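Residue strings, one per chain:
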Amino acid sequence: MSEPFIHLAGVKKVYRTRGTDFLAVSEATFDVDAGELVSLVGPSGCGKTTLLKILAGLHSYEAGTVRIGSPAQPFDPARDIGMVFQQPLLLKWRRIIDNVLLPAEILGLPMAESRARARDLLALVGLKGAEDKFPYELSGGMQQRAAIARALVHDPKLILMDEPFGALDALTREKMNLELLRIWQEAGKTIVFVTHGITEAVFLGTRVVVLTAGPARMADNFRIELQHPRTLDIKTSERFGDYTRRIYRLLGME
């Protein structure tokens, strides 16, 4: 059996402020295989974003093991991670294609190739023709599509998404869920997706990691055996309901 792409074991994170220790993450343990779309789900404040920042190399941790990649395929967080946040965080004075190109500029990648890739990615996320628009000319959902293209432009091995659709209205969020699954299948990337939406976690994930209220403790980690490509109709299926009820029970909501 091949090694997982991401391996976390017994990870513990403590924040120290004004002489007080706050245990943000306790004993987080799970694996992610290459090419998976894994949902991290749990209530607000349970440490989901903290875990994402640990994976991104932005936070240290007090105990445990975090391994990404393998000796045969070394992993460089600065080069091999793409981030998508709750807000698109587009630079309002830059055109959409120039926003998408920002990681390539920072990494010093060849700009002619990167610009061609940026145009291809904007087509992939449904923004063909919007390359020269400014962010204010796009809807919130379209801006988030541009943010996804930006996260992909430098061809990272891992995409980390921190509640990227949380600020969108319900209908747009549903559309973006479908778009993300399409983009994931076409791009073939490993994605870790943070959400507090239980149905969203099940609909998107090949696997769901359930975290309890802070400090984050892994309550469960299970595969989602639902067919691909997924459609919204699958949410009415008995198996989908079984998965969501399982999470509700783990979070003490049933």
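Worth saying up front: this structure is predicted, and the values here are computed from it rather than measured.

Draft legend 1. Highlighting the overall build of the protein chain. Counting its secondary structure elements, the protein chain contains nine helices and nine strands. Its C-alpha radius of gyration of 18 Å places the protein chain within 12% of the 18 Å reference for a compact globule of 254 residues. Once the C-alpha set of the protein chain is aligned to its principal axes, its extents read approximately 50 × 45 × 45 Å. Counting across all 254 residues of the protein chain, residues that qualify as buried make up 48%. Taking contacts inside the protein chain between residues at least 6 apart in sequence as the whole, the part at least 24 apart equals 70%. Entry remark: accessible area of the protein chain is about 12100 Å², with carbon and sulfur atoms responsible for 52%.

Draft legend 2. Representation of helix H7 (residues 170-187). End to end, H7 covers 25 Å across 18 residues, agreeing with the expected 26 Å (1.5 Å per residue, within 8%). For H7, every residue scored as buried is listed here: Met-176, Asn-177, Glu-179, Leu-180, Leu-181, Ile-183 and Trp-184. Buried positions along H7 lie against strand S3 (37-41), helix H5 (111-124), helix H6 (140-152), strand S6 (158-162), strand S7 (190-195) and helix H8 (198-204). Directly after H7, the chain includes Gly-188, whose backbone phi takes a positive value near 70°.

Draft legend 3. Inspection of the environment of Gly-69 at higher detail. Of note, Gly-69 is situated in the loop between strand S4 (63-68) and helix H2 (77-80). Assessed through its relative accessible area of 7%, Gly-69 is described here as buried. Spatially, the C-alpha atom of Gly-69 lies 10.0 Å from that of Asp-33, the residues being 36 residues apart in sequence. Here Gly-69 is in contact with Pro-4, Phe-5 and Phe-75, once residues within four sequence places are set aside.

Draft legend 4. A look at the packing of H6 against H7. Relative orientation of the contacting elements H6 and H7 amounts to 25°, with a least axis distance of 11 Å. If you check the angle between H6 and H7, you find them roughly parallel. In this structure, H6 meets H7 at a crossing whose hand is right-handed. For the pair H6 and H7, contact is made by Gly-141, Gln-144, Arg-145, Ile-148 and Leu-152 and by Thr-172, Met-176, Glu-179 and Ile-183, respectively.

Draft legend 5. Quick peek at the nonpolar core. Core analysis: the biggest nonpolar cluster contains 48 residues, and Leu-122, Ile-148, Met-161, Ile-191, Phe-193, Val-208 and Ile-247 have the highest contact counts within it. Contacts of Phe-193, omitting those with residues within four sequence positions, involve Leu-37, Val-38, Ser-39, Leu-40, Met-161, Pro-164, Phe-165, Leu-180, Glu-200 and Leu-204. Residues Phe-5, Phe-30, Leu-51 and Leu-55 belong to the second largest nonpolar core, which totals 27 residues.

Draft legend 6. Region of interest: the sheet that holds strand S1 (residues 6-17). Strands sit in the order S2-S1-S4 across an open sheet of three strands; the sheet is antiparallel. The open sheet has two edge strands, strand S2 (20-32) and S4, and neither has a second partner. Taken pair by pair, the neighbouring strands of this sheet meet at an average axis angle of 30°, ignoring direction. Where S1 and S2 come together, nine bridges link them in antiparallel fashion. Along S2, the bridge assignment pairs Leu-8 with Phe-30. Packing against the sheet, helix H1 (residues 48-55) makes contact with S1, S2 and S4, and its axis sits at approximately 115° to S1.

Draft legend 7. Geometry of H6. Helix length check: H6, at 13 residues, gives a terminal C-alpha distance of 19 Å against a target of 18 Å (1.5 Å per residue), a fit within 8%. Taken across its 13 residues, H6 has 11 buried, putting it largely inside the fold. Turning to H6, its buried residues are Gly-141, Gln-143, Gln-144, Arg-145, Ala-146, Ala-147, Ile-148, Ala-149, Arg-150, Ala-151 and Leu-152. Those residues of H6 that are buried lie in contact with strand S5 (81-84), helix H3 (96-100), helix H4 (102-107), H5, S6 and H7.

Draft legend 8. Focus on the pattern of salt bridges. Using the criterion set out here, one finds 20 salt bridges in the structure. For Glu-36, the salt bridge identified is with Arg-223, shortest N-O distance 3.2 Å. Of the two residues, Glu-36 sits in the loop between S2 and S3 while Arg-223 sits in strand S9 (residues 218-223), which places them 187 residues apart along the sequence. A salt bridge links Lys-157 to Asp-80, with the nearest nitrogen and oxygen atoms 3.8 Å apart. Here Asp-80 lies in helix H2 and Lys-157 lies in the loop between H6 and S6, a separation of 77 residues in the sequence. Judged by relative accessible area, which is 32%, Lys-157 ranks as partly exposed.

Here is what the cut-offs are and how they apply
- Residues numbered from 1 in each chain as written.
- Predicted model: local features only at pLDDT ≥ 70, side-chain atom pairs only at ≥ 80, totals over all residues.
- Heavy atoms only, no water.
- Helix = DSSP H or I, 4+ residues; strand = E, 2+ residues; numbered from the N terminus.
- Rg over C-alpha atoms; globule rule 2.2 N^0.38 Å.
- Buried < 20%, exposed > 50% of the residue type's maximum accessible area, 1.4 Å probe, protein only.
- Contact = heavy atoms within 4.5 Å.
- Areas by Shrake-Rupley, 256 points an atom, 1.4 Å probe, with all protein chains shown as cover.
- Expected span 1.5 Å × (residues − 1).
- Axes fitted to C-alpha atoms, helices over the stretch in contact; angles between N-to-C directions.
- Parallel < 35°, antiparallel > 145°, perpendicular 65-115°, else oblique.
- Left-handed = near helix turned anticlockwise from the far one by under 90°.
- Core = buried A, V, L, I, M, F, W, Y, C linked by side-chain atoms within 4.5 Å.
- Pairing = 2+ DSSP bridges.
- Salt bridge = Lys/Arg side-chain N within 4 Å of Asp/Glu carboxyl O.

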